[in-house]
Amino acid sequence: MTATGQHSDDVVERARSGLREAFGDGPHEHVDPVVALAPGRVNLVGGHTDYNDGLCLPKAIDRHVAVAAEPREDDRIRVYATDFDETATFAPGDGPTGWAAYVAAVVGVLREDRAIPGANLAIASNVPSGAGLSSSAAIELAVGKAMVELSGTVLSKTDLALACWRAEREGVGVECGILDQFAVGLCKPDTALFLDCRTRAFEHVPIAGDVGILVVDTGVSHELADSGYNDRVRECEAAVTALRSATETEIRSLRDVEEDVLETHADALDDVHYRRARHVVTENERVVSGRDALVAGEFDRVGAAMLASHESLRDDYEVSCAELDAAVELAAETPGVYGARMTGGGFGGSVVALVAGDALERAEQSIRAEVSGQVGPNAQVFACRPSEGVRIVTPE
Ligand code: GAF
């Protein structure tokens, strides 16, 4: 058995050796560093529902961020990003920019209610960044888990996910929902996570049968902070305001809106806000039917929910792009694929496909043969193995 049990052992090793290269033997030469490992995620159904108090159905993938950490004798954080060969240093209250902002934001939130020591950190990742696979949340959760461990305190997985969610919103300025941080924090292998973003209740959904996951990364990178993501948040709020006044009811978010109510009051909304609302309202229904179908082993039905989700994200929510649409089309016409959709914030990034287990290898090869011609020169496809949420890796 390897240290992680998965093919992310290389990131663990790179984080460990990066720590030594960047900071020498450190103040605690004979103490093993703490290493935290956090996965990326795909979302089977439930796009842009989370900040509308809605439902989603993510699954962790075996691409990971590893963070190796050791305490320092002062209160500064020094962090080495092995993938960029860059080091950032900050003290409490400093606001670094770029990738270091995620680290500083998490440490800042955790320091509000616990004694987080100064630390040297090294980060290594094989989650493609800007690919809609939650590389940011994986950094946040891995840093958070390692820092909590160094502090010798205890924090539940849910509270760690919430701390990281606040860090992304307040420290980085993305008005995201809880999907990514909960998926990275709470997923378990061989199940999907059915998450209610209003109550924050979740359920590990068993998958009744042999299916695999393929990711098609379009190679078109997106940054949520610079995309239309926050505009979509505003548009949903505008739809809620219009529906609240049209219905004269206490609608708090699009989660409170049934499809027939939306249709009855469609004229009260301008066309853009109506279509944004229609996506969210119907997407919540697709999550429920996708979850039920997964449990029943009715994978054609899961696939149909995924394809309908993609169409809705493309036409009503307008967060897809030509490369994502081409990747969904390519996957959907590949034998053995039940369904496919964009995953993540959109405007670039990746597509997730659900594939019959015995067809996975063939489907991967057949998509690989076509992907650069049909999707784009930097597009890639890879199969994902089951993975679990953030955890501490113990030395062998
Ligand atoms: C991004 C966000 F970070 C999530 O909160 C979620 O809204 C997702 O886009 C779309 O479902 O990953």
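Here the residue numbering is sequential within each chain, running from 1 through the sequence in written order. Only residues with pLDDT of at least 70 get local features here, since the model is predicted, and only at 80 or more are side-chain atom pairs given and counted; chain-wide, interface and lining totals rely on the full set of residues. The side-chain values count all of the structure's non-hydrogen atoms but skip hydrogen atoms and water molecules.

Operational definition: UniProt positions are given in the numbering used here, feature names are shortened, and annotations may be inferred rather than shown by experiment.
Under an unreviewed UniProt entry, the name given to the protein chain is Galactokinase, and the source organism is Haloferax marinum. The heading Sequence similarities (unreviewed entry) in the UniProt record of the protein chain holds the text "Belongs to the GHMP kinase family. GalK subfamily."

A look at the pairing of strand β5 (residues 86–90)
Selection criterion: Here, any two strands with at least 2 DSSP bridges between them count as paired. We count a stretch as a helix when DSSP gives it H or I for four or more residues in a row; a strand needs E for two or more, and each element gets its number in order from the N terminus.
As paired strands, strand β4 (residues 77–81) and β5 are joined by five bridges and run antiparallel to one another. For R78, the partnering residue across the bridge sits in β5 and is T89. Adjacent in sequence and paired antiparallel, β4 and β5 are bridged by four residues, among which D85 carries a positive phi angle near 55 degrees.

Let's talk about the side chain of S135
The cut-off we apply is this: The criterion used for residue contact is that any of the two residues' heavy atoms lie within 4.5 Å.
With respect to the helices and strands, S135 occurs in helix α3 (residues 135–151). In contact with S135, other than residues within four places in its own chain, are V65, V127, P128, S129 and G130.

Looking at the sheet that holds strand β8 (residues 202–206)
The strand order across the open sheet built from three strands is β2-β7-β8, with neighbouring strands paired in antiparallel fashion. Each edge of the sheet is formed by a strand with only one pairing partner; in this case those strands are β2 (55–56) and β8. Pairing between β2 and strand β7 (residues 191–196): two bridges, direction antiparallel. Of the residues in β7, the one forming a bridge with L55 is D196.

Let's talk about the site of the ligand
We apply this condition: Proximity criterion: a residue is near a molecule or strand once any of its heavy atoms comes within 4 Å of it. Counted as a polar contact is a pair of N or O atoms within 3.5 Å, where, for protein atoms, one must be capable of donating a hydrogen and the other of accepting one, and residues adjacent in sequence contribute only when both atoms are in side chains. Surface exposure here means Shrake-Rupley accessible area, sampled with a 1.4 Å probe, where a residue is shielded only by the protein chains that are shown. Whether a set of points on the 1 Å grid over the protein atoms alone is a cavity depends on a 1.4 Å probe fitting there but being unable to get out, while an open set qualifies as a pocket with protein on both sides within 12 Å along at least five of seven lines; lining residues are those with an atom within 4 Å of a point. Placement in a cavity or pocket follows one criterion, namely that more than half of the molecule's atoms lie within 2 Å of its grid points. All residues other than Ala, Val, Leu, Ile, Met, Phe, Trp, Tyr, Cys, Pro, Asp, Glu, Lys and Arg, Gly among them, are scored as polar; the first ten of these are nonpolar and the last four charged. The domain limits used here are those given by an automatic or database domain assignment.
Contacts to the ligand come from 14 residues, most closely from H48, D50, G177, D180 and Y229. One of the side-chain nitrogen or oxygen atoms of R41 is found 3.2 Å away from an oxygen atom of the ligand. Alone, the ligand offers 300 Å² of accessible surface; in the complex the protein occludes 97% of this. A majority-of-atoms criterion places the ligand in the largest pocket. Here the residues of the shell around the ligand are counted per class, giving five nonpolar, six polar and three charged. Formed jointly, the shell around the ligand draws a minimum of three residues from each of two domains, domain 1 (1–205 + 385–390) and domain 2 (209–382).

Let's talk about the environment of A326
The criterion, for reference: Note on classification: 1.4 Å probe, protein chains only; a residue is buried when its accessible area is under 20% of the maximum for its type, exposed when over 50%, partly exposed between these limits.
Along the polypeptide, A326 turns up in helix α10 (residues 322–332). Classification of A326 as buried rests on a relative accessible area of 18%. It is 5.5 Å that separates the C-alpha atoms of A326 and V375, two residues lying 49 residues apart in sequence.

Some points on the layout of surface pockets
Threshold: Grid points are joined across faces, edges and corners, and a volume is the space filled by probe spheres set on the points.
Within this model, the largest pocket holds a volume of roughly 860 Å³. Taken together, 46 residues make up the lining of the largest pocket; nearest its centre are Y102, G130, S135, S136 and E223. Examining the composition of the lining of the largest pocket, we find that four residues originate from one element, α3, more than from any other. Across the lining of the largest pocket, the residue classes break down as 19 nonpolar, 19 polar and eight charged. Each of domain 1 (1–205 + 385–390) and domain 2 (209–382) accounts for three or more of the residues forming the lining of the largest pocket. The computed volume of the second largest pocket comes to approximately 280 Å³. Along the walls of the second largest pocket sit 20 residues, with D50, Y51, N52, D53 and R169 positioned nearest its centre. Put simply, the parts of the chain that give the lining of the second largest pocket at least two residues each are α4 (157–172) and α6 (229–247). The element best represented in the lining of the second largest pocket is α6, accounting for five residues. Looking at the lining of the second largest pocket residue by residue, the class counts come to nine nonpolar, three polar and eight charged.

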